[in-house]
Amino acid sequence: ARALPASDLGALAGQRLARKAAFSSFLMEGIHWHAPIDAAHATSTYRIKGATNPAFAPRQALSPGSGYWCSTGQHKKDEIVTWTGILKRRRPITGIKVS
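Quick summary incoming for the structure in this document. This structure is a prediction, so every number in the text was calculated from the model and none was measured.

## Topic: the overall build of the chain
- Per the secondary structure count, the chain includes one helix and two strands.
- Ordering the α and β elements of the chain from the N terminus gives α-β-β.
- The burial tally for the chain puts 8% of its 99 residues in the buried class.
- Across the chain, contacts joining residues at least 24 apart in sequence account for 54% of those joining residues at least 6 apart.
- A total of about 9000 Å² of accessible surface is found on the chain, and carbon and sulfur atoms cover 58% of it.

Structure (C-alpha cells):
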C-alpha cells in the first residue's frame, strides 16, 4: 500500500467525521456546539465572613465540577436577583442549557 500525503489524510479524517456526524445527528436531536461563557456578574453574592475571595462568586458557576454561584439569600419578596454571563465576542445563540 502506498502512503498518502498528509493533506489527503486530513481530508479523509474530515470526511469520516462528517459521515459520522450525519449518521449520528438523529441520535441526540442534532449536533450541539457549546460556546463557553467567558465572565459572569451577579447583583447578589453570598460571602463567607473573613474570606478574601467569595467562595460562591458568579464566576464559580462557570467552573466544571462542584463550583456554583449563590446569592446572599434573605431577599425581599419583590427583589430581583440576576446572574449574567458575558461572552468576549458575539456569537449566534439558539438556546442555553443550565444544569
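Text resumes after the structure shown.
## Digging into the environment of Glu79
- Along the chain, Glu79 turns up in the loop between strand 1 (39-42) and strand 2 (83-86).
- Among the residues examined, Glu79 registers a relative accessible area of 42% and is labelled partly exposed.
- In this structure the side chain of Glu79 is engaged in a polar contact, spanning 3.3 Å, whose partner is the side chain of His75.

## Comments concerning the side chain of Ser44
- Checked against the element boundaries, Ser44 lands in the loop between strand 1 and strand 2.
- Those residues in contact with Ser44, other than ones at most four positions away along the chain, are Trp69, Cys70, Ser71, Thr72, His75 and Val81.

## A closer look at unusual backbone geometry
- For Gln74, which is not glycine, the phi torsion reads 50° and is therefore positive.
- Tracing the chain through its elements places Gln74 in the loop between strand 1 and strand 2.
- Take Gln74: its relative accessible area is 84%, and that puts it in the exposed class.

## A word on the packing of aromatic side chains
- Across all of its chains, the model carries two aromatic pairs by this definition.
- Each ring, one from Tyr46 and one from Phe56, has its centre 5.6 Å from the other, and the planes form 55°; the classification is tilted. Pair noted here: Tyr46 is in the loop between strand 1 and strand 2 and Phe56 is in the loop between strand 1 and strand 2, with a separation of 10 residues, a long-range link.
- Given the relative accessible area of 35%, Tyr46 is considered partly exposed.
- Ring geometry for Phe56 and Tyr68: centres 5.3 Å apart, planes at 40°, overall tilted. With a gap of 12 residues between them, Phe56 in the loop between strand 1 and strand 2 and Tyr68 in the loop between strand 1 and strand 2 connect regions that are remote in the sequence.
- With a relative accessible area of 46%, Tyr68 lands in the partly exposed category.
- Ring pairs connect the aromatic residues Tyr46, Phe56 and Tyr68, which therefore count as one cluster.

What counts and what doesn't
- Residues numbered from 1 in each chain as written.
- Predicted model: local features only at pLDDT ≥ 70, side-chain atom pairs only at ≥ 80, totals over all residues.
- Heavy atoms only, no water.
- Helix = DSSP H or I, 4+ residues; strand = E, 2+ residues; numbered from the N terminus.
- Buried < 20%, exposed > 50% of the residue type's maximum accessible area, 1.4 Å probe, protein only.
- Contact = heavy atoms within 4.5 Å.
- Areas by Shrake-Rupley, 256 points an atom, 1.4 Å probe, with all protein chains shown as cover.
- Polar contact = N/O pair within 3.5 Å; in protein donor to acceptor, adjacent residues only side chain to side chain.
- Phe/Tyr/Trp six-rings, centres within 6.5 Å; stacked < 30°, edge-to-face > 60°.

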